[in-house]
Amino acid sequence: MNGTTTRQRYIAHLHLHAALTEDQYGDVIELMSGITPHVHAVPPDAVQLDLTSALRYFDLSPYDVVQLAKMRLKAHYGIDSSAGLAGNRMLAAMAADASAPGDTTWVRAGQVADWLYPRPVTALPGIGRATAETLRRYGLHTVGQIVDLPAGTLQRLLGTGPARLLAERARGHDPRPVTPSEPAAHLAADLVLERDCLDPARQHRAVLELAERLGQRLRVEHQVAGRLALTVRYADRSSTTRTRALPEPTDHSPALAAAALGLLNTLGLQRARVRAFLLRADVLLPADNAYRQLSLDPGDDRARAAEAAAGRARRRFGLKAVRPATLAD
């Protein structure tokens, strides 16, 4: 995929069209961490995602990953959103501001100058009332006019530091990375079903798929989990969560699957109309620092060796290169 081979960054900025409590906003951050660990909170009603490393995992285009994020927000919490997609945080936020409710604006790398040129200069971040008034007095209303203005003239109007910063922003430059406010405390994987599900076999398969995906994510991030939490969301948008500590910290998919299915069994979903599942791994530790109980079962070592080989195949050939037999179509 071009984005991963050229190291082009893909940043998404999502505006959430809802009044959220602090806890609800935290739930949104947690849900987005199931797409990428690089989630930056922009409270109270926005969030930024660095999608660069997620493209190969999901085997989707940047635009489609944004649509996936928006669909999850709607399915899990009923939140509508508009989005901007670009190569840095500033452009993504500006693109989101320019998007109609529900839409996504993608400013591609080769279109930055053309997209910015006619926009009002006040659309750039950091343009306060005093700066805007100064620029207006000299007939500077658009980003393109700032780009065309000689650097010395802009410095005489605003001063050296502010002029240099404004010129960089007018050209679409923003080197800031998308970094979480604090180290990720969990990883999550979710699955939104196409229709309400009453079939225990399909629910069982859905949780198995989430455990496999979560195991893959943990191994890619070189982390192990000490606890799992399974959240089931129903057709009426209510939900139930069950949590279980693992016997030992692990990234081994069969161990995660056994624990996740145990949680599913405790819910008693025989007549429940299920719409979505979310499986979260908590109490994360670096894999190198975690202990593992010794096993005399050679099958365990073979399973872990096969898991490592499957991970290498996925990194080379894509996420769908290897799948467990239980999840084969």
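Residues numbered from 1 in each chain as written. Predicted model: local features only at pLDDT ≥ 70, side-chain atom pairs only at ≥ 80, totals over all residues. Heavy atoms only, no water.

### So, the nonpolar core
What counts here: Definition used in this section: a nonpolar core is a set of buried Ala, Val, Leu, Ile, Met, Phe, Trp, Tyr and Cys residues joined via side-chain atoms within 4.5 Å. Only protein chains enter the area calculation, which uses a 1.4 Å probe; residues under 20% of their type maximum are buried, those over 50% are exposed, and those in between are partly exposed. Strands here mean DSSP runs of E at least two residues long; helices mean DSSP runs of H or I at least four residues long; both are numbered from the N terminus. Whether two residues are in contact is decided by their heavy atoms: any pair within 4.5 Å suffices.
Counting 33 residues, the largest nonpolar core has L228, L230, V232, L269, V274, F277 and L279 as the members making the most contacts within it. At 8 residues, the largest contribution of residues to this core is made by helix α12 (residues 253–267). Not counting residues within four places of it along the chain, the set of residues in contact with L230 comprises V207, T240, T241, R242, A260, L263, L264, L267, F277, L278 and L279. Among the nonpolar cores identified, the runner-up in size contains 27 residues, and L68, I79, A188 and L278 belong to it.

### Quick look at the pattern of salt bridges
Our working definition: We define a salt bridge as a side-chain nitrogen of Lys or Arg found within 4 Å of a carboxyl oxygen belonging to Asp or Glu.
Counted under the stated rule, the structure contains 10 salt bridges. The salt bridge involving R280 is made with E30; its shortest N-O contact spans 3.0 Å. Of the two residues, R280 sits in strand β9 (residues 274–286) while E30 sits in helix α2 (residues 22–32), which places them 250 residues apart along the sequence. As far as the burial class goes, R280 and E30 line up, both buried. One salt bridge in this structure joins R280 and D282, with 3.0 Å as the shortest N-O distance. Grouping residues by exposure puts R280 and D282 together as buried. Several salt bridges converge on common partners, so that one network encompasses E30, R227, R280 and D282.

### Overview of the sheet that holds strand β3 (residues 46–50)
The line we're drawing: For two strands to be treated as a pair, DSSP must find at least two bridges joining them. Axes, fitted as lines to C-alpha atoms, cover a helix only where it is in contact. Angles between the N-to-C directions of the axes lie from 0 to 180 degrees.
Judged by pairing direction, the sheet is mixed, and its 5 strands sit side by side in the order β2-β3-β1-β4-β5 without closing on themselves. Looking at strand neighbours, the two that pair on one side only are β2 (39–42) and β5 (104–106), the edges of this open sheet. Adjacent strand axes in the sheet meet at a mean angle of 15°, parallel and antiparallel pairs treated alike. Contacts from helix α5 (residues 89–97) reach β1 (11–16), β2, β3, β4 (81–86) and β5, with the element oriented near 145° to β4.

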